[in-house]
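A structural walkthrough
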Amino acid sequence: FVRGDLRDLGRLGEFDALTCFGDSLNYLTSEEDLAAAFRSAARNIAPGGVLVFDLNTLAAYRTTFATDRVTERDGLTFIWRGRADDAAPPACIAEATIDVLRPVAGGLLERIGTTHRQRHHPSATVAELLVRAELEPIAALGVRNDGSLIPEPDEDRLLKTLHVARARKGGDPQW
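What comes next is a walk through the structure. All residue numbers refer to positions counted from 1 along the written sequence of the respective chain. Confidence filtering applies because this is a predicted model: local features only for residues at pLDDT of at least 70, side-chain atom pairs given and counted only at 80 or more, and all residues used for totals across whole chains, interfaces and linings. Only hydrogens and water are set aside when side-chain values are computed; all heavy atoms of the structure are taken into account.

**A look at the sheet that holds strand β6 (residues 109-119)**
- On the basis of which strands lie adjacent, the open sheet formed by 4 strands has the order β3-β4-β5-β6 and antiparallel pairing. Strands with a single pairing partner mark the edges of an open sheet, and in this sheet they are β3 (68-73) and β6. Within this sheet the neighbouring strands show an average axis-to-axis angle of 15°, counted without direction.
- Here, a strand pair is defined by DSSP locating no fewer than two bridges between the strands. The way it works is that DSSP assigns letters per residue, a run of H or I at least four long becomes a helix, a run of E at least two long becomes a strand, and they are numbered from the N terminus. Note: β3 against strand β4 (residues 76-82), 6 bridges, orientation antiparallel. Residue R73 lies in a different strand from β4, and its bridge partner there is L76. Every angle, taken between N-to-C directions, lies between 0 and 180 degrees, and every axis is a line fitted to C-alpha atoms, over only the stretch in contact when it is a helix.

Here you go:
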């Protein structure tokens, strides 16, 4: 394992496939940071290799990031507070706080909290930034809640889009 910054990975090797899932790229809140992450990936993909990653859709920010919910499990209370607008625009910045309450001695509760700040990255912008990083966008697929894929992303109904890009073969200017 290598701990690093997605925006500034050194040359780690030449891989046939790189993946980046679980909101990692959503935490990059500027186009410049996303472009830097794509350049870092491109440095580590073998010619003809692929980069596969997911990004949240507008629906994720208009629903999940715009609602509050409380869940209790195994003696812990999880509190999600969405700070986004249910009409969040493309390229929006969205925040949510998560608090975990757990019982401690004397009937008191300990609170552990985090704030999550993410950005929506429109597919057209993603494609443009991939090309600038010398990666060829080859697919943008919709991801259903069960993880199955559909041919078209849906910013209004699905929570995720899966993107696939390919590195140039042998450094040739043609894909």
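**Side note on unusual backbone geometry**
- Positive phi is not limited to glycine here, since D23 has a value of about 80°.
- The topology assignment puts D23 in the loop between β1 (15-20) and α1 (31-42).
- Using a relative accessible area of 19% as the deciding quantity, one classes D23 as buried.
- A positive phi is found at E134, a non-glycine position, where the angle reads about 65°.
- Position of E134 among the secondary structure elements: in the loop between α3 (123-132) and β7 (135-143).
- Exposed residues in this analysis have more than 50% of their type's maximum accessible area, buried residues have under 20%, and partly exposed residues fall in between, with area computed by a 1.4 Å probe over protein chains only. A residue is classified by how much of its surface remains accessible, and E134, at 48% relative accessible area, is partly exposed.

**Observations concerning the side chain of H120**
- Relative to the assigned elements, H120 resides in the loop between β6 and α3.
- In terms of polar contacts, H120 uses its side chain to reach the backbone amide nitrogen of A91, at 3.0 Å.
- Whether two residues are in contact is decided by their heavy atoms, any of which lying within 4.5 Å being enough. Non-local contacts of H120, meaning those with residues more than four positions away in its chain, are made with N56, T57, L58, Y61, P90, A91, C92 and E155. Here a polar contact is taken to be a pair of N or O atoms separated by no more than 3.5 Å, where protein atoms must pair a possible hydrogen donor with a possible acceptor and residues adjacent in sequence count only if both atoms sit in side chains.

**Regarding the packing of α1 against α3**
- Orientation of α1 relative to α3, taken along the N-to-C sense of each, is 45°, at an axis distance of 9 Å. Taken together, the axis directions place α1 and α3 in an arrangement best described as oblique. α1 and α3 meet at a crossing whose hand is right-handed. The residues of α3 that touch α1, namely those facing E31, L34, A35 and F38, are T125, V126, L129 and L130.
- Tallied by class, residues from the contact of α1 with α3 come to 6 nonpolar, 1 polar and 1 charged. An angle below 35 degrees is treated as roughly parallel, one above 145 as roughly antiparallel, one from 65 to 115 as roughly perpendicular, and anything else as oblique. Each crossing gets its hand from how the near helix is turned against the far one by less than a right angle, where anticlockwise is left-handed and clockwise is right-handed. The classification used treats Ala, Val, Leu, Ile, Met, Phe, Trp, Tyr, Cys and Pro as nonpolar, Asp, Glu, Lys and Arg as charged, and all other residues, Gly among them, as polar.

**Details of the nonpolar core**
- Here, the term nonpolar core denotes a set of buried Ala, Val, Leu, Ile, Met, Phe, Trp, Tyr and Cys residues that are joined through side-chain atoms within 4.5 Å. Core analysis: the biggest nonpolar cluster contains 20 residues, and L25, F38, L51, F53, L130 and L135 have the highest contact counts within it.
- Counting only elements with at least two residues in this core, the list comes to β1, α1, β2 (45-56), α3 and β9 (160-167).
- No other element matches α1, which puts 5 residues into this core.
- For L130, the contacting residues outside a window of four places in its chain are F38, L51, F53, L135, P137 and A165.
- Counting residues in each nonpolar core, the second largest holds 8 residues, with F65, A88, A94 and A96 among its members.

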